[in-house]
Amino acid sequence: MKIASFVVVWIVYGLLGLGFTYSYPTSAFDDLRNERSETTVTYSYDRMDEVKKACGFVLSSASELRAEDDRVYSMKKELFFVNGDWRQEVGKDPIMPFDDREVQSEFLGNRTPLNLASFWLMDIDRAHRSKKSLSVSGFMVMGITIDGSFMDYGYQGNPEFQMWPSHSQITISFQGIYTETKKNGGERVMCLLGSTMLPSREPDSANPWEWLKASDSSNQPPLSQDDQILLVLHFPMTFNLTNRAIRGEMRSLNPKSNSKYFDEVHILSQLGKSAVYKFGSEKIVSRACDPYPSNDSLVYGGISNYKGHAICEILEEVARDQAFTVVPNWRCIGTDEFCSKLGPFVTDKEIKASDGSFKGVKLYMQEIKCEQKAARGNASSARVSAVFRAVSPMENLYTAAKRSGLNNMTVAAEGIWKSTSGQLCMVGCLGLVDVVGSRCNTRICMYVPTSFSIKQRSILYGSFSSINDSGTSYFPLSFEKLVQPSELWNYFRVSSPNYKYTKIYSAAVVLEKNEPFSVGTVIKKSFLSFPKLEDTEAFELSLSVLSEDLTLHVSAFPDPFRKPQPPKVDLQMEILSVGPLFGRYWSPQNGSIAQEETPYHTKSEYTEKQLLLNVSAQLTIAGNAYSNLSVLYLEGLYDPHVGKMYLVGCRDVRASWKILYESMDLEAGLDCLVEVVVAYPPTTSRWLANPAAHISVASQRTEDDPLYFSTVKLQTLPIMYRKQREDILSRRGIEGILRVLTLSLAICGILSQLFYIRYNVDSVPYMSLVMLGIQAIGYSIPLVTGAEALFKKLASESYETSTYDLDNSRWFHILDYTVKLLLMASLLLTLRLCQKVWKSRIRLLTQTPLEPHRVPNDKRVLITTSAIHLIGYVMVLVIHSMRTGQRSIRTKSYKIAREESRGLWEWETELEEYVGLVQDFFLLPQMIGNLVWQIDCKPLRKFYFVGITLVRLFPHIYDCVRAPSLNPYFAEEYEFVNPSSDFYSKFGDIAIPITAILLAVVVYVQQRWNYERLSKMLTFGQCRLLPLGSRMYERLPSSSKAFEAELVSGANGNARQENKESDDVE
């Protein structure tokens, strides 16, 4: 638990430091506050005499509390607010400084600081209550921030001041009284005395925070204790449309001459989720909604709306913490000032600068209160209350979603919904509202559509319009919440949505343009298979599986790939509908069409032409370079024979209202002159093909059109279809089978050599122990470290994300165990060869104790081989450093696929790869030994050294013939197996096999011709490439053969007979 708590605290601190905050639900904070207040903190009321003196003006107007008031037990859940606004009267004494010196403009932009405050009631002293008051304790966090909210409880309410760049906050603990008054329609008032540590101000009022300029941002400012802080909070007794604001005033009780004095602070918030809202403003609502339904000119034509009995549930799901998109005023006719207004909201300069496009402007629907009335027959109704908050592009969305202050960017609303029309009609009141609702001059109409098209992708849409009697002051403002396929599971549990295809004929034109008849198309249709409807599945289920296969959530890069390396972009291709299926099929009892149990291929009415499936999708491309194509609404045809989608796209054009109005070819404000082609990789032959999707987006406009954009072509990183993780022909399965086959071939070669030396005992001492040692090390490393055998690089490069089911597949377990058993067998057989060679040399040495120099020795072979590989390793390090931009050798982390992350030095990384190269060149020591020992025999059988050579080269050959899985960012993430700069580059896949084959040819020639003959052949005039032959390693007399035969064969026999038999071999 301690570790988990530490991780949570660390994550929260990191999020706050980065400026991203997530606000927990109110109920969670209630539970946390209650737990802390009841278990860890003891509240004292030692200043109650001071409180009564300072709060005399509150007590004088307080009414008597009822003796048995159940509200006492719910006060903690009602008397609080989070992320309210505060402002300080203009004066010479600010309460806190704000440090914006180190704010990174590229991260935070030109965002203006927000003044936020949160208050929690922590304790109620029920034992000491008077007729008019209760003793209470609480604390408040207030501060100034550019990117952050104040949802944290700090050090359990201990008073303190904290400051870091772009953020200042102060925590104040309070004790005081709770009273009730009949003023202003009834209020619940708290008068509290607070104590905290205030930052010290300089005597110079013109620059009170002089110390801030000289201080280090990591050091806390000088503080002083202050317990003369008075806070008065006013909560409405009953929350309704015209009385929902929570007001507060905080002032210093110190004299103005005191350095702790600060100017008065005003706090403004509103009711929270736990507060009880009272509907009853029918008179004000009737201004906008009588008659009902209201005539809304912005309603989409031909769109069906929700008319069921669960409108409250849907509103809560759709609008909860969700940002609505504001639609540009593309239909506006009028002056620039009129068409650029953001509805009833009083906008700032950032919104005005958008010139009516409202780019980046969001709308939140907060504090939703919905009261469903019992249905009468087939009709039902509901009363709804909410607050709409407009958010500037410069404001953080996470903070804005939890703000509770009321200002000129908020509209409080209340209204009615009836199933007869499906319209939610509300009256809206800007900012603070008086009792008569004088600022309630806005009509808000909202709908939940159940039919969708390429021009209607909203799960909720609505509009603000003016009902001001003095005349229209702004053009009706539209907003919408775009649908996401993943959200359909929640939103339409009780209804049946559908999709209307309207661009199929235009998509057919795109198909004819992009797929003329060709031989390649015929081959694709004949030999390759692409995502399609499954023959064995029911129709709806097959459509849903296909929809899942066509969905893309992957990174992409420009096609063709350009250097220097462009930034990686995130690409999402969400399939909205396939054929008649909208969303996903998830239950036999739900769906847009009736369940069909018969596989569709058995039906005679399906022809090849009809099997072109209608599809709709949404393409999202993240990245500054694609801002004009960030979201595309797509509709068209999918051809499962070639795995291509031919689509017409519509994009939300965020231009000024003038450009949009003058562009007469827009459809519902969207640019639909876009064509998109998406090509998917095949499902068959995947292990020999590049499993990447290709996307092409082109504009059908002329280049002089202001809405024209250049063609964009992207290639994704490798993708995987739904059922391919468990496919036996996946790359991991294929490579597992190849490991088994190659290791089996290696074992056959070693066994062949063991049988060979049984009848050629005189050549056994001339086998290089260094060569055998290299092979033994190669077999033992995977057994010791758990690394992949033979195909280590390919396994590391694999893009397939390991899952629990895949890792626990019985098939792969069997392959892994088989590979380990074969490795063990190969190692033991190789060690047996080493034993025979070692003992044969010992026997020779005992036969000629006075001539030890005549017995083959690997000392010179080891020195020469080590020197060659050392020089080669140094050259590799130099070349690698040059290819990677002259990077110095330093510590880096390399994340190896399917392995734990570990830190390696670069030279260690290269060394691991070079060990594989040493194993590939295992014949190098034998070649050197043949030259040193001037052999006149055949120590190695051809099947042995040729077979082992093929085993070592097969991974390179396999890597060379298969299509590459192109990943331009591979080098950054997997440096150890970088295919462009290491041993498994395309150059290495060609050069290493050629070199290994040359070594095998040289060994064959050495064994075919004796040293003397080779020396003569390599003599050109006076130039001799090989030195003259020596008698140093001349083979011992045949009398020793019988003795050696006893050792090798393990049986006594006639040596001459064995020699005769050996002549028949090879």
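You'll find the structure just up there.
Within each chain, residue numbers correspond to sequence positions counted from 1 in written order. Per-residue local features of the predicted model are confined to residues with pLDDT of at least 70, and side-chain atom pairs are confined, for both listing and counting, to 80 or more; whole-chain, interface and lining totals are unaffected and use all residues. Excluding hydrogens and water, the side-chain figures rest on all heavy atoms present in the structure.

Q: How would you sum up the overall build of the chain? Please name residues and give values.
A: A count of helical and extended segments in the chain gives 31 helices and 32 strands. Buried positions account for 52% of the 1066 residues belonging to the chain. Look at the contacts in the chain between residues 6 or more apart in sequence, and 74% of them connect residues 24 or more apart. For every accessible area listed, the method is Shrake-Rupley and the probe measures 1.4 Å; residues are considered covered only by the protein chains on display. Total accessible area on the chain stands at roughly 50400 Å², and carbon and sulfur atoms take up 56% of it. To qualify as a helix, a DSSP run of H or I must reach at least 4 residues; to qualify as a strand, a run of E must reach at least 2; elements of each kind are numbered from the N terminus. Each residue is assigned to one of three classes by its accessible area relative to the maximum for its type, calculated with a 1.4 Å probe on protein chains only: buried under 20%, partly exposed between the two thresholds, exposed over 50%. Note on definitions: a residue-residue contact is assigned when non-hydrogen atoms from the two residues lie within 4.5 Å.

Q: Pulling in residues and values, what's your account of the pairing of strand β8 (residues 245-252)?
A: Looking along a regular strand, one sees the side chains alternate between the two faces of the sheet. The pairing of strand β7 (residues 223-236) with β8 spans six bridges and is antiparallel. By the bridge assignment for β8, L231 is matched with M250. DSSP-based pairing: two strands are paired if at least 2 bridges between them are found. Two elements, β8 and strand β9 (residues 265-270), share six bridges in a ladder whose sense is antiparallel. Opposite G248, over in β9, you have I267 as the bridge partner.

Q: Which residues make up the pattern of salt bridges, and what values go with them?
A: When a carboxyl oxygen of Asp or Glu lies within 4 Å of a side-chain nitrogen of Lys or Arg, that pair is called a salt bridge. Under the criterion given, the structure shown has 17 salt bridges. Here E282 and R383 are joined by a salt bridge, their closest N and O atoms 3.4 Å apart. One end of the pair, E282, is in helix α8 (residues 282-289); the other, R383, is in strand β12 (residues 379-391), with 101 residues separating them in the sequence. Across the pair R651 and D671 runs a salt bridge whose closest N-O atoms are separated by 3.0 Å.

Q: So what's going on with the environment of L613? Residues and values would help.
A: As for its position among the elements, L613 is in strand β23 (residues 613-621). Considered as a pair, L613 and L637 are 24 residues apart in the sequence and their alpha carbons are 5.5 Å apart. Discounting residues that sit within four places of it in the chain, L613 has contacts with L533, L546, V578, G636, L637 and Y638.

Q: Pulling in residues and values, what's your account of the environment of G405?
A: Mapped onto the elements, G405 comes out in the loop between α12 (397-400) and β13 (410-418). Taking C-alpha positions, G405 is 9.6 Å from R389, a pair spaced 16 residues apart along the chain. G405 has contacts with N83, G84, D85, L268, S269, R389 and T410, leaving out every residue within four places of it along the chain.

Q: How would you sum up the packing of aromatic side chains? Please name residues and give values.
A: Only Phe, Tyr and Trp rings take part, Trp by its six-membered ring, and two of them pair if their centres are within 6.5 Å. Stacked means planes under 30 degrees apart, edge-to-face means over 60, and tilted covers everything else. Taken as a whole and judged by the stated rule, the model has 14 aromatic pairs. Measuring from ring centre to ring centre gives 6.4 Å for F338 and F475, while their planes differ by 80 degrees; the resulting arrangement is edge-to-face. Taken as a pair, F338 in helix α10 (residues 336-339) and F475 in the loop between β17 (458-466) and β18 (477-482) lie far apart in primary sequence, 137 residues in all. On the accessibility criterion, F338 (22% relative accessible area) is partly exposed.

Q: Got a sec to walk through the state of the cysteines? Specific residues and values, please.
A: Disulfides are defined as cysteine sulfur pairs within 2.5 Å. By the definition in use, this model includes six disulfides. Paired by a disulfide, C312 and C370 hold their sulfur atoms 1.9 Å apart. Around the S-S axis, the bridge from C312 to C370 shows a dihedral of about -70 degrees and counts as left-handed. Here C312 is found in helix α9 (residues 311-319), whereas its partner C370 is found in strand β11 (residues 362-376), with 58 residues between them in sequence. On the basis of relative accessible area, C370 is assigned to the partly exposed category, the value being 26%. Each disulfide of the chain joins two cysteines, and with those cysteines numbered along the sequence the arrangement is 1-2, 3-8, 4-7, 5-6, 9-10, 11-12.

Q: Kindly report on the side chain of T145, identifying the contributing residues and their values.
A: By secondary structure assignment, the location of T145 is in strand β3 (residues 134-145). For T145, a relative accessible area of 1% corresponds to the buried category. At 3.2 Å, the side chain of T145 and the side chain of H167 are in polar contact. Between N or O atoms, a polar contact is any pair within 3.5 Å; within protein, one atom must be a potential hydrogen donor and the other a potential acceptor, and residues adjacent in sequence are included only when both atoms are from side chains.

Q: Summarise the side chain of S294; cite the residues concerned and give the values.
A: In this fold, S294 is placed in the loop between α8 and α9. Take S294: its relative accessible area is 9%, and that puts it in the buried class. A polar contact of 3.0 Å, which involves the side chain of S294, links it to the side chain of R443. In this structure, S294 is in contact with A288, Q423, C425, R443 and C445, ignoring residues within four places of it in sequence.

Q: Go over helix α16 (residues 539-550) with me, naming the residues and quoting the values.
A: An ideal rise of 1.5 Å per residue puts 16 Å on twelve residues; α16 measures up with 17 Å between its terminal C-alpha atoms. For α16, the buried fraction is high: ten of the twelve residues fall into the buried class. Inspection of α16 places F539, E540, S542, L543, S544, V545, L546, S547, D549 and L550 among the buried residues, and these make up the whole buried set. Buried residues along α16 sit in contact with β20 (552-558), β21 (569-578), β22 (581-582), β23, β24 (631-639) and β25 (644-652). Given a helix with a known number of residues, its expected span is that number minus one, times 1.5 Å.

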